[in-house]
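# Residue-level structure breakdown
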Amino acid sequence: ARDAIGLSLKGSLVIIDEAHNLPEALRNLTSCQLTLPVIEAALSQMTLYSKKYASRLAGRNLFYLGQIRKCLVAMIQYLKTPPSSSPSAPDNTTSKMMSVTEFLFALKLDNINLFK
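These lines cover the structure that appears in this document, whether it is placed above or below.

Calculation rules
Residues numbered from 1 in each chain as written. Predicted model: local features only at pLDDT ≥ 70, side-chain atom pairs only at ≥ 80, totals over all residues. Heavy atoms only, no water. Salt bridge = Lys/Arg side-chain N within 4 Å of Asp/Glu carboxyl O. Helix = DSSP H or I, 4+ residues; strand = E, 2+ residues; numbered from the N terminus. Buried < 20%, exposed > 50% of the residue type's maximum accessible area, 1.4 Å probe, protein only. Expected span 1.5 Å × (residues − 1). Arc of directions from axis to C-beta.

Attention shifts here to the pattern of salt bridges. All chains considered together, the criterion is met by one salt bridge. A salt bridge links K80 to E40; the nearest nitrogen and oxygen atoms lie 3.5 Å apart. Within this pair, whereas K80 is found in helix α4 (residues 59-80), its partner E40 is found in helix α3 (residues 36-53), the two being separated by 40 residues in sequence. Judged by its relative accessible area of 52%, K80 is exposed.

This paragraph deals with α3. Every α-helix winds through 3.6 residues per turn, so residues three or four apart in the chain are directed the same way. An ideal rise of 1.5 Å per residue puts 26 Å on 18 residues; α3 measures up with 26 Å between its terminal C-alpha atoms. Inspection of α3 places I39, L43, M46 and S50 among the buried residues, and these make up the whole buried set. For α3, the angular spread of the buried residues around the axis is 70 degrees, confining them to a single face. Exposed and oriented more than 90 degrees from the buried face of α3 are P37, Q45, L48, K51 and K52.

Once that is clear, we can look at the side chain of Q67. With respect to the helices and strands, the residue Q67 is situated in helix α4. Take Q67: its relative accessible area is 18%, and that puts it in the buried class.

In structure tokens, the structure reads:
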């Protein structure tokens, strides 16, 4: 963002007000929240895209779209499955923070290379 507006901080002293909020702000930069409606919408849009452009896509691209579909379906199934050992919150929602590796193992997707 600084580069886009030509702002350089080289040789500058940066003073941060409300620095006690900095660790949480930095954590939020590297995390995201996935909700069931967002994942269902992504699956729907990807399915429509695949159907519309299937004849134009190379086999390798269709394979990768299939892997994305598999991930989205697994996420939907995971989010629709009630937690087994932890009690639900009063409004029947739960939150859980996990690493990418833990997430992939929980969804049984550890055999998919997401970085290809």
